[in-house]
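Listed here are the chains, written in short residue letters.
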Amino acid sequence: MFGDLMGMMGKLKETQEKVQATKERMNTVLVEQKSADGLVRVTLTANREIKSIEMDDTLLEDREQLEDYLVLTLNKALEKATEIQETELGAVAKEGMPNIPGMGSLFK
């Protein structure tokens, strides 16, 4: 029994290390989102750190329109980044879970 417990603890520690490595790797995964008409382009990491915002000069004439473009485009980019991060971290966590009776149904 204790051998199984030690094995599970080792597996959990290994999974924690893989999750941390995945989080760090997400800093290098870039997500780019453009507005529908291409006037605004946002780039951020999968950890949701904004790297750049580019916009067409015509948007500088209308502050309210620019703000709307930024909000919409940033929200779409953040949604994409969150999906990528959740997928990657979920895969690592699921792969590393020890076989605990009754817990398998939680990951289906």
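Below is a summary of the structure that appears in this document. Numbering of residues starts from 1 in each chain and follows the order in which that chain's sequence is written. For this predicted model, a pLDDT threshold of at least 70 governs which residues receive local features, and a threshold of 80 or more governs which side-chain atom pairs are given and counted, while totals over whole chains, interfaces and linings are taken from all residues. Note: side-chain values were computed over all heavy atoms of the structure, leaving out hydrogens and water.

**Some remarks on the sheet that holds strand E3 (residues 50–55)**
Across the sheet, three strands lie side by side as E1-E2-E3; this open sheet has antiparallel pairing. The outermost strands of the open sheet, each flanked by one partner alone, are strand E1 (30–34) and E3. Recorded for the sheet is a direction-independent mean angle of 10° between the axes of neighbouring strands. DSSP-based pairing: two strands are paired if at least 2 bridges between them are found. Helix and strand assignments follow DSSP, with helices taken as H or I runs no shorter than four residues and strands as E runs no shorter than two, numbered in order from the N terminus. Bridge analysis of strand E2 (residues 40–45) against E3 gives five bridges, and the strand direction is antiparallel. Of the residues in E3, the one forming a bridge with Val40 is Met55. All axes are obtained by fitting lines to C-alpha atoms, using only the stretch in contact for helices, and the reported angles, taken between N-to-C directions, cover 0 to 180 degrees.

**Describing the environment of Glu49**
Among the structural elements, Glu49 can be located in the loop between E2 and E3. Take Glu49: its relative accessible area is 41%, and that puts it in the partly exposed class. A C-alpha to C-alpha distance of 9.0 Å links Glu49 and Leu78, two positions 29 residues apart in sequence. Partly exposed describes any residue whose relative accessible area lies between the buried limit of under 20% and the exposed limit of over 50%, with all areas from a 1.4 Å probe on protein chains only and scaled to the type maximum.

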